[in-house]
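# Architecture at a glance
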Amino acid sequence: MAIIPQMSLFTWKEIEILGDLDRLRLVLDYMPDEAFMQSLEKKRGKGRNDYPVRAMWNSILAGIVFQHESIEKLRRELSRNGQLREMCGFEGQVPTSYAYTRFLKSLIRDEEMMDKMFETLVEQLLERLPDFGKRLAIDSKAISSFSKHPNKHETEDGRRDLDANHSQKVYSGVTKEGNPWQKVVKWFGYKLHLVVDATYELPVTFKVTKASESDITEGHKLLEQMEEKQPKLLETAETMAGDRGYDDTKLITKLWDTYKIKPIMDIRNMWKDPTKHDYSRGRKTSFITTKEPYPAYALKQVNNGKCATGDLRKTARN
(Lines give C-alpha, C1' and ligand atoms only; values in the text may rest on other atoms or scores of the structure.)
Protein backbone atom coordinates (compact mmCIF):
# COMPACT_ATOMS: atom_id res chain seq x y z
CA MET A 1 0.00 0.00 0.00
CA ALA A 2 1.32 3.44 -0.89
CA ILE A 3 1.52 5.53 2.26
CA ILE A 4 1.04 9.28 1.82
CA PRO A 5 3.18 11.22 4.28
CA GLN A 6 1.32 13.65 6.55
CA MET A 7 1.27 17.22 5.29
CA SER A 8 2.90 19.90 7.39
CA LEU A 9 0.82 21.88 9.85
CA PHE A 10 0.71 24.98 7.68
CA THR A 11 1.89 25.52 4.13
CA TRP A 12 0.58 27.71 1.33
CA LYS A 13 1.29 24.95 -1.21
CA GLU A 14 -1.72 23.03 0.09
CA ILE A 15 -3.92 26.04 -0.69
CA GLU A 16 -2.34 27.03 -4.01
CA ILE A 17 -3.05 23.65 -5.62
CA LEU A 18 -6.78 23.99 -4.90
CA GLY A 19 -9.21 25.42 -7.41
CA ASP A 20 -11.04 28.68 -6.80
CA LEU A 21 -14.24 26.97 -5.64
CA ASP A 22 -12.32 24.79 -3.16
CA ARG A 23 -10.51 27.82 -1.75
CA LEU A 24 -13.81 29.68 -1.48
CA ARG A 25 -15.29 26.74 0.42
CA LEU A 26 -12.45 26.98 2.94
CA VAL A 27 -13.12 30.69 3.42
CA LEU A 28 -16.86 30.18 3.87
CA ASP A 29 -16.37 27.31 6.32
CA TYR A 30 -13.91 29.10 8.59
CA MET A 31 -15.07 32.73 8.46
CA PRO A 32 -16.41 33.64 11.95
CA ASP A 33 -19.33 35.62 10.53
CA GLU A 34 -22.43 34.12 12.15
CA ALA A 35 -23.00 37.02 14.58
CA PHE A 36 -22.48 39.46 11.72
CA MET A 37 -25.03 37.66 9.52
CA GLN A 38 -27.60 37.59 12.31
CA SER A 39 -27.12 41.31 12.84
CA LEU A 40 -27.63 42.11 9.14
CA GLU A 41 -30.69 39.85 8.93
CA LYS A 42 -32.20 41.52 11.99
CA LYS A 43 -31.71 44.96 10.43
CA ARG A 44 -33.34 43.82 7.20
CA GLY A 45 -36.33 42.62 9.21
CA LYS A 46 -39.41 41.71 7.20
CA GLY A 47 -38.39 43.65 4.13
CA ARG A 48 -37.90 42.20 0.66
CA ASN A 49 -35.56 39.24 0.58
CA ASP A 50 -34.96 38.79 -3.16
CA TYR A 51 -31.26 38.45 -2.48
CA PRO A 52 -30.62 36.87 0.95
CA VAL A 53 -28.06 38.52 3.22
CA ARG A 54 -25.94 35.38 3.53
CA ALA A 55 -25.84 34.83 -0.22
CA MET A 56 -24.82 38.44 -0.83
CA TRP A 57 -22.06 38.23 1.81
CA ASN A 58 -20.80 34.93 0.41
CA SER A 59 -20.61 36.45 -3.07
CA ILE A 60 -18.56 39.39 -1.75
CA LEU A 61 -16.10 36.89 -0.28
CA ALA A 62 -16.12 35.05 -3.61
CA GLY A 63 -15.16 38.25 -5.39
CA ILE A 64 -12.11 38.55 -3.14
CA VAL A 65 -11.08 34.91 -3.58
CA PHE A 66 -11.57 35.12 -7.36
CA GLN A 67 -9.69 38.47 -7.37
CA HIS A 68 -12.38 40.44 -9.18
CA GLU A 69 -11.60 44.15 -9.16
CA SER A 70 -15.18 45.36 -9.47
CA ILE A 71 -18.75 44.33 -8.74
CA GLU A 72 -19.52 44.11 -12.45
CA LYS A 73 -16.77 41.54 -12.95
CA LEU A 74 -18.17 39.57 -10.01
CA ARG A 75 -21.68 39.72 -11.50
CA ARG A 76 -20.41 38.40 -14.83
CA GLU A 77 -18.68 35.53 -13.00
CA LEU A 78 -21.92 34.71 -11.17
CA SER A 79 -23.87 34.82 -14.46
CA ARG A 80 -21.70 32.22 -16.16
CA ASN A 81 -20.77 30.07 -13.14
CA GLY A 82 -23.73 28.08 -11.84
CA GLN A 83 -21.64 26.27 -9.25
CA LEU A 84 -20.54 29.59 -7.77
CA ARG A 85 -24.14 30.84 -7.56
CA GLU A 86 -25.18 27.65 -5.80
CA MET A 87 -22.26 27.80 -3.36
CA CYS A 88 -23.04 31.40 -2.48
CA GLY A 89 -26.71 30.60 -1.91
CA PHE A 90 -28.45 32.19 -4.89
CA GLU A 91 -31.33 30.31 -6.48
CA GLY A 92 -30.45 31.02 -10.08
CA GLN A 93 -30.72 34.81 -9.98
CA VAL A 94 -27.81 37.26 -10.04
CA PRO A 95 -28.15 40.39 -7.87
CA THR A 96 -28.44 43.72 -9.65
CA SER A 97 -25.76 46.39 -9.43
CA TYR A 98 -28.10 48.48 -7.29
CA ALA A 99 -28.57 45.58 -4.85
CA TYR A 100 -24.80 45.35 -4.40
CA THR A 101 -24.53 49.11 -3.90
CA ARG A 102 -27.07 49.01 -1.06
CA PHE A 103 -25.47 45.93 0.48
CA LEU A 104 -21.97 47.45 0.44
CA LYS A 105 -23.31 50.55 2.17
CA SER A 106 -24.76 48.34 4.91
CA LEU A 107 -21.37 46.65 5.31
CA ILE A 108 -19.66 50.03 5.70
CA ARG A 109 -22.11 50.95 8.45
CA ASP A 110 -21.12 47.75 10.30
CA GLU A 111 -17.37 48.19 9.87
CA GLU A 112 -16.71 47.50 13.57
CA MET A 113 -18.23 44.02 13.31
CA MET A 114 -16.05 43.20 10.31
CA ASP A 115 -12.99 44.38 12.24
CA LYS A 116 -14.06 42.06 15.07
CA MET A 117 -14.09 39.11 12.66
CA PHE A 118 -10.53 39.93 11.63
CA GLU A 119 -9.42 40.13 15.27
CA THR A 120 -11.08 36.78 15.99
CA LEU A 121 -9.17 35.14 13.13
CA VAL A 122 -5.88 36.58 14.42
CA GLU A 123 -6.64 35.22 17.91
CA GLN A 124 -7.28 31.77 16.42
CA LEU A 125 -3.95 31.88 14.58
CA LEU A 126 -2.20 32.92 17.78
CA GLU A 127 -3.56 29.81 19.50
CA ARG A 128 -2.95 27.31 16.71
CA LEU A 129 0.23 28.30 14.87
CA PRO A 130 3.56 27.79 16.68
CA ASP A 131 5.58 31.01 17.12
CA PHE A 132 2.87 33.10 15.43
CA GLY A 133 3.41 36.75 16.29
CA LYS A 134 7.03 36.45 17.43
CA ARG A 135 8.58 37.98 14.33
CA LEU A 136 6.61 40.94 13.05
CA ALA A 137 7.16 43.24 10.08
CA ILE A 138 5.62 46.63 9.34
CA ASP A 139 5.09 48.19 5.92
CA SER A 140 2.64 50.15 3.77
CA LYS A 141 1.10 49.48 0.38
CA ALA A 142 -0.18 51.96 -2.19
CA ILE A 143 -3.80 51.44 -3.28
CA SER A 144 -4.79 53.30 -6.42
CA SER A 145 -8.28 54.71 -6.73
CA PHE A 146 -10.38 54.17 -9.86
CA SER A 147 -10.37 57.98 -10.05
CA LYS A 148 -7.25 59.59 -11.48
CA HIS A 149 -7.49 62.92 -9.66
CA PRO A 150 -9.72 64.79 -7.16
CA ASN A 151 -13.19 65.63 -8.42
CA LYS A 152 -13.99 69.32 -8.62
CA HIS A 153 -17.51 68.56 -7.34
CA GLU A 154 -17.39 67.91 -3.57
CA THR A 155 -20.99 66.75 -3.20
CA GLU A 156 -21.17 63.03 -2.39
CA ASP A 157 -23.17 61.03 -4.93
CA GLY A 158 -21.95 57.48 -4.27
CA ARG A 159 -19.65 57.48 -7.30
CA ARG A 160 -17.10 60.22 -6.68
CA ASP A 161 -14.03 59.37 -4.61
CA LEU A 162 -13.89 62.25 -2.13
CA ASP A 163 -11.47 60.68 0.37
CA ALA A 164 -8.45 59.83 -1.81
CA ASN A 165 -5.51 62.14 -2.45
CA HIS A 166 -2.11 62.20 -4.18
CA SER A 167 1.14 60.83 -2.80
CA GLN A 168 4.48 59.50 -3.93
CA LYS A 169 7.06 57.07 -2.60
CA VAL A 170 10.79 57.33 -3.32
CA TYR A 171 12.90 54.19 -3.52
CA SER A 172 16.68 54.55 -3.60
CA GLY A 173 19.84 52.60 -3.03
CA VAL A 174 23.29 51.83 -4.30
CA THR A 175 24.15 49.33 -7.05
CA LYS A 176 26.92 46.74 -6.71
CA GLU A 177 29.11 49.09 -8.69
CA GLY A 178 28.56 51.83 -6.12
CA ASN A 179 26.26 53.96 -8.27
CA PRO A 180 23.22 55.51 -6.56
CA TRP A 181 19.76 54.88 -8.02
CA GLN A 182 16.32 56.31 -7.33
CA LYS A 183 12.77 55.45 -8.36
CA VAL A 184 9.71 57.64 -7.70
CA VAL A 185 6.24 56.05 -7.66
CA LYS A 186 3.21 58.38 -7.72
CA TRP A 187 -0.45 57.48 -7.25
CA PHE A 188 -3.87 58.88 -6.38
CA GLY A 189 -5.77 56.88 -3.80
CA TYR A 190 -5.05 55.37 -0.46
CA LYS A 191 -2.41 53.63 1.59
CA LEU A 192 -2.73 50.34 3.46
CA HIS A 193 -0.62 50.24 6.63
CA LEU A 194 0.14 46.70 7.79
CA VAL A 195 1.76 44.76 10.58
CA VAL A 196 2.25 41.13 9.55
CA ASP A 197 3.75 37.96 10.93
CA ALA A 198 7.05 37.65 9.04
CA THR A 199 7.19 33.85 9.40
CA TYR A 200 3.73 32.96 8.07
CA GLU A 201 3.22 36.15 6.01
CA LEU A 202 -0.19 36.73 7.56
CA PRO A 203 -1.63 40.10 8.65
CA VAL A 204 -1.81 40.98 12.34
CA THR A 205 -3.33 44.45 12.21
CA PHE A 206 -4.00 47.07 9.55
CA LYS A 207 -5.32 50.54 8.81
CA VAL A 208 -6.37 52.24 5.57
CA THR A 209 -5.67 55.96 5.21
CA LYS A 210 -5.36 58.62 2.55
CA ALA A 211 -2.31 58.12 0.35
CA SER A 212 -0.45 61.09 1.84
CA GLU A 213 -0.45 59.86 5.46
CA SER A 214 3.04 59.32 6.91
CA ASP A 215 4.30 55.78 7.47
CA ILE A 216 5.93 56.76 10.76
CA THR A 217 2.81 58.48 12.10
CA GLU A 218 0.64 55.51 11.21
CA GLY A 219 3.28 53.14 12.60
CA HIS A 220 2.78 54.68 16.04
CA LYS A 221 -1.00 54.40 15.62
CA LEU A 222 -0.74 50.72 14.65
CA LEU A 223 1.16 50.00 17.87
CA GLU A 224 -1.49 51.86 19.86
CA GLN A 225 -4.18 49.90 18.02
CA MET A 226 -2.49 46.61 18.89
CA GLU A 227 -2.10 47.68 22.52
CA GLU A 228 -5.84 48.38 22.70
CA LYS A 229 -7.18 45.38 20.77
CA GLN A 230 -4.37 42.78 20.69
CA PRO A 231 -2.21 43.20 23.82
CA LYS A 232 -1.33 39.50 23.82
CA LEU A 233 0.41 39.90 20.46
CA LEU A 234 2.61 42.68 21.79
CA GLU A 235 3.60 40.42 24.69
CA THR A 236 4.41 37.59 22.25
CA ALA A 237 6.38 39.67 19.74
CA GLU A 238 10.19 39.52 19.90
CA THR A 239 11.22 41.52 16.82
CA MET A 240 9.69 43.99 14.38
CA ALA A 241 11.29 44.64 10.99
CA GLY A 242 10.72 47.63 8.74
CA ASP A 243 12.23 49.52 5.84
CA ARG A 244 13.93 52.91 6.10
CA GLY A 245 10.56 54.63 6.13
CA TYR A 246 10.26 53.54 9.76
CA ASP A 247 13.73 54.70 10.86
CA ASP A 248 12.34 56.97 13.59
CA THR A 249 13.91 57.40 17.02
CA LYS A 250 10.57 57.69 18.83
CA LEU A 251 9.17 54.59 17.15
CA ILE A 252 12.32 52.58 17.87
CA THR A 253 12.37 53.78 21.47
CA LYS A 254 8.71 52.85 21.94
CA LEU A 255 9.24 49.36 20.53
CA TRP A 256 12.11 48.55 22.88
CA ASP A 257 11.43 50.58 26.02
CA THR A 258 7.65 50.08 26.13
CA TYR A 259 7.06 46.68 24.53
CA LYS A 260 10.51 45.01 24.74
CA ILE A 261 10.34 44.34 21.00
CA LYS A 262 13.70 44.44 19.20
CA PRO A 263 13.47 46.97 16.36
CA ILE A 264 15.12 45.77 13.15
CA MET A 265 14.95 48.73 10.82
CA ASP A 266 16.72 49.62 7.61
CA ILE A 267 18.72 52.86 7.85
CA ARG A 268 17.98 56.01 5.90
CA ASN A 269 21.62 56.70 4.95
CA MET A 270 22.94 53.61 3.17
CA TRP A 271 26.70 53.72 3.67
CA LYS A 272 28.91 51.35 1.72
CA ASP A 273 30.33 50.32 5.07
CA PRO A 274 27.36 49.76 7.46
CA THR A 275 29.67 49.89 10.49
CA LYS A 276 30.31 53.61 9.98
CA HIS A 277 28.59 56.15 12.23
CA ASP A 278 25.97 58.61 11.14
CA TYR A 279 26.27 62.08 12.65
CA SER A 280 23.78 63.77 10.32
CA ARG A 281 21.13 64.10 13.00
CA GLY A 282 23.35 65.31 15.84
CA ARG A 283 23.84 61.97 17.55
CA LYS A 284 26.07 58.94 17.22
CA THR A 285 24.22 55.94 15.88
CA SER A 286 25.67 52.43 15.72
CA PHE A 287 24.24 49.87 13.34
CA ILE A 288 24.46 46.23 14.38
CA THR A 289 24.09 43.82 11.48
CA THR A 290 22.07 40.69 12.27
CA LYS A 291 21.53 37.28 10.74
CA GLU A 292 17.75 37.52 10.72
CA PRO A 293 15.90 35.98 7.72
CA TYR A 294 15.31 39.47 6.30
CA PRO A 295 18.05 41.93 5.29
CA ALA A 296 17.93 44.68 7.88
CA TYR A 297 19.80 46.34 10.71
CA ALA A 298 19.11 46.53 14.41
CA LEU A 299 19.58 50.07 15.60
CA LYS A 300 21.31 51.07 18.80
CA GLN A 301 20.91 54.74 19.65
CA VAL A 302 23.82 56.07 21.68
CA ASN A 303 23.62 59.29 23.66
CA ASN A 304 26.56 60.17 25.89
CA GLY A 305 27.65 56.58 25.91
CA LYS A 306 24.23 55.26 26.96
CA CYS A 307 21.80 53.31 24.83
CA ALA A 308 18.47 55.13 24.61
CA THR A 309 16.61 52.02 23.53
CA GLY A 310 18.27 49.47 25.77
CA ASP A 311 21.28 47.29 25.11
CA LEU A 312 20.37 45.76 21.77
CA ARG A 313 23.86 44.32 21.34
CA LYS A 314 23.04 41.65 23.90
CA THR A 315 19.80 40.76 22.17
CA ALA A 316 20.76 41.03 18.51
CA ARG A 317 22.46 38.00 17.06
CA ASN A 318 25.88 38.77 15.61
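Above this text is the structure in question.
Residues numbered from 1 in each chain as written. Predicted model: local features only at pLDDT ≥ 70, side-chain atom pairs only at ≥ 80, totals over all residues. Heavy atoms only, no water.

Our focus in this paragraph is the overall build of the protein chain. Along its length, the protein chain carries 12 helices and nine strands. With 318 residues in all, the protein chain has 38% of them scored as buried. In the protein chain, of all internal contacts separated by at least 6 residues, the share reaching a separation of at least 24 is 58%. Just so you have it, the protein chain exposes about 20,000 Å², and 51% of that area is on carbon and sulfur atoms. (Helix = DSSP H or I, 4+ residues; strand = E, 2+ residues; numbered from the N terminus. Buried < 20%, exposed > 50% of the residue type's maximum accessible area, 1.4 Å probe, protein only. Contact = heavy atoms within 4.5 Å. Areas by Shrake-Rupley, 256 points an atom, 1.4 Å probe, with all protein chains shown as cover.)

Here Asp247 shows up in the loop between strand S5 (239-242) and helix H11 (249-259). Considering only alpha carbons, one finds Asp247 and Met265, 18 residues apart in sequence, at a separation of 6.1 Å.

What follows is about the packing of aromatic side chains. Counted according to the given criterion, the structure contains three aromatic pairs. Seen in terms of ring centroids, Phe36 and Trp57 are 5.4 Å apart; in terms of plane orientation they differ by 90°. Their pairing is edge-to-face. Here Trp57 lies in helix H4 (residues 53-65) and Phe36 lies in helix H3 (residues 34-44), a separation of 21 residues in the sequence. Between the aromatic rings of Phe132 and Tyr200, the centroid separation amounts to 6.2 Å while the plane-to-plane angle is 40°, which identifies the pairing as tilted. Of this pair, Phe132 sits in the loop between helix H8 (111-128) and strand S1 (135-144) while Tyr200 sits in the loop between strand S3 (180-197) and strand S4 (202-210), placing them 68 residues apart in sequence. Like Tyr200, Phe132 is buried. (Phe/Tyr/Trp six-rings, centres within 6.5 Å; stacked < 30°, edge-to-face > 60°.)

What follows deals with the packing of helix H2 (residues 20-30) against H4. Taken N-terminus to C-terminus, the directions of H2 and H4 make an angle of 130°; their axes are 10 Å apart at the nearest point. By the angle between their directions, the pair H2 and H4 is classed as oblique. Viewed along their axes, H2 and H4 form a crossing whose handedness is right-handed. Contacts between H2 and H4 involve Asp20, Arg23, Leu24, Val27 and Leu28 from the former and Asn58, Leu61, Ala62 and Val65 from the latter. (Axes fitted to C-alpha atoms, helices over the stretch in contact; angles between N-to-C directions. Parallel < 35°, antiparallel > 145°, perpendicular 65-115°, else oblique. Left-handed = near helix turned anticlockwise from the far one by under 90°.)

Let's shift gears to the side chain of Asp197. Relative to the elements of secondary structure, Asp197 occurs in strand S3. Despite being buried, Asp197 has no salt bridge partner; Arg135 is the closest side chain of opposite charge, sitting 8.7 Å away. Ignoring anything within four residues of it in the chain, the contact list for Asp197 reads Asp131, Phe132, Gly133, Lys134, Arg135, Leu136, Leu202 and Val204. (Lys, Arg positive; Asp, Glu negative; His and termini not counted. Salt bridge = Lys/Arg side-chain N within 4 Å of Asp/Glu carboxyl O.)

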